[in-house]
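# Breakdown of the fold
One letter stands for each residue in the lines below.
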Amino acid sequence: MKFEITNSIRRLILAVSIAGCFQLGAAKVGSLKIEQDGDNKIPQELLNVTMRLRKGSEYTREYLDEDIKNLYASGKISDVVAKVENLANGNVSIILQVKPSPVISVMKIEGNAKFETKDLQKHFTINEGERLNSRQLNETLENLRKLKQTIEADNDTPCSRYNSIEEFGSFV
């Protein structure tokens, strides 16, 4: 029985030692730089808010992937390229090349003769002066689909004159 306890303790000490070595050897972020293309740059502070990785923080590929997903989810960027370089001291250098989403300068609804433009605009989740955001654009389209369903329900029958979302006009 004493032999089994001793072996168990040795295994435990070995496991703790190995785990400690891996923790000591974990890569840290030596530098993190975000480069942006284009004229409509996003303020650095807004990008930093979405990022987990910082200079001096622990680096894992999962953390980097999470940060890239968060940047896309912000709706402010259309593309990210990550470059990770291993440094001589065991740390990593990260450069994120970010392409900001374009800013919407003008929104028009064309081809709509059935509804007041202001009534349709109430259902928009994206506006002029904001960055083009596919999530918000999809929300706007979904809101217009729901409006179509409401119109059909109010008429108590499917309304043939509103067969498609395009009948509300097209977005330019």
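Residues numbered from 1 in each chain as written. Predicted model: local features only at pLDDT ≥ 70, side-chain atom pairs only at ≥ 80, totals over all residues. Heavy atoms only, no water.

### Here we look at the overall build of the chain
Applicable threshold: Working definition: helices are DSSP H or I runs of at least four residues, strands are E runs of at least two. Numbering for both runs from the N terminus. In this analysis, two residues are considered to be in contact whenever any of their non-hydrogen atoms come within 4.5 Å of each other. Surface accessibility follows the Shrake-Rupley procedure with a 1.4 Å probe radius. Residue values consider only the protein chains on display as shielding.
Helix and strand content of the chain: 5 helices and 5 strands. Taking the contacts inside the chain whose residues are at least 6 apart along the sequence as the reference set, 54% of them involve residues at least 24 apart. Carbon and sulfur atoms form 53% of the exposed surface of the chain, whose accessible area is close to 11,700 Å².

### Some words on the pattern of salt bridges
Worth spelling out the cut-off: By definition, a salt bridge exists where a carboxyl oxygen of Asp or Glu is found within 4 Å of a side-chain nitrogen of Lys or Arg. Relative accessible area decides the class of each residue, using a 1.4 Å probe on protein chains only: under 20% of the type maximum gives buried, over 50% gives exposed, and in between gives partly exposed.
Evaluated as defined, the whole model comprises 6 salt bridges. For E66, the salt bridge identified is with R52, shortest N-O distance 3.7 Å. One end of the pair, E66, is in helix α3 (residues 61-73); the other, R52, is in the loop between α2 (44-49) and α3, with 14 residues separating them in the sequence. Look at E66 and you get partly exposed, because its relative accessible area is 35%. In this structure R52 comes out as partly exposed when scored by relative accessible area, which is 42%.

### Thoughts on the pairing of strand β2 (residues 77-86)
Convention followed: Criterion used throughout: strands pair if DSSP finds at least two bridges between them.
Pairing of β2 with strand β3 (residues 92-100), which is carried by 9 bridges, proceeds in the antiparallel orientation. Note that in β3 the partner of V84 across the bridge is I94. Connecting β2 to the antiparallel partner β3 that follows it, the hairpin turn spans 5 residues, and G90 within it adopts a positive phi of roughly 95°.

### Looking at the side chain of T140
We apply this condition: Whenever two N or O atoms come within 3.5 Å, that pair is a polar contact, provided that in protein one can donate a hydrogen and the other can accept it, and provided that, for residues adjacent in sequence, both atoms are side-chain atoms.
Mapping T140 onto the fold places it in helix α5 (residues 134-154). The exposure class assigned to T140 is buried, which follows from its relative accessible area of 1%. At 2.9 Å, the side chain of T140 forms a polar contact with the backbone nitrogen of T125.

### Here's the deal with the sheet that holds β3
Sheet strands pair via backbone hydrogen bonds, and the direction of the pair is either parallel or antiparallel. Definition in use: Note on method: axes are straight lines fitted to C-alpha atoms, helices fitted across the in-contact stretch only, with angles between N-to-C directions ranging 0 to 180 degrees.
Across the sheet, which stays open at both edges, the 3 strands sit in the order β1-β3-β2 with mixed pairing between neighbours. Each of the sheet's edge strands pairs with one partner strand only, and the pair in question is β1 (29-36) and β2. Geometrically, the sheet is characterised by an average inter-axis angle of 15° between neighbouring strands, direction not taken into account. Against the sheet, α3 contacts β2 and β3, and its axis sits at roughly 160° relative to β2.

### Notes on the side chain of Q136
Along the chain, Q136 falls in helix α5. Residues contacting Q136, with those up to four places away along its chain left out, are T125, I126 and E130.

### Things to note about α3
In plain terms, the rule: Here a helix's expected span is defined as the number of its residues, less one, multiplied by 1.5 Å. The directions from the helix axis to the C-beta atoms are what the arc is built from.
Look at α3: 18 Å from first C-alpha to last across 13 residues, which is about the 18 Å you get at 1.5 Å a residue. Every buried residue of α3 is accounted for by L64, D67, I68 and L71. Considered in projection along α3, the buried side chains sweep an arc of 100° and stay on one side of the axis. Residues of α3 that are exposed and angled more than 90 degrees away from the buried face: E62, K69 and A73. Contact partners of the buried residues in α3: α2, β2 and β3.

### Some thoughts on α5
The end-to-end C-alpha separation of α5 is 30 Å, in line with the 30 Å expected for 21 residues at 1.5 Å each. Taken residue by residue, α5 has Q136, T140, L144, L147, K148, I151 and E152 as its buried positions. The residue sitting at the N-terminus of α5 and contributing the capping side-chain oxygen is N133; that oxygen lies 2.9 Å from the backbone nitrogen of R135.

### Quick word on the environment of N143
Here N143 shows up in helix α5. Setting aside chain neighbours within four positions, we find N143 in contact with H123 and T125.

Structural measurements only, silent on function.
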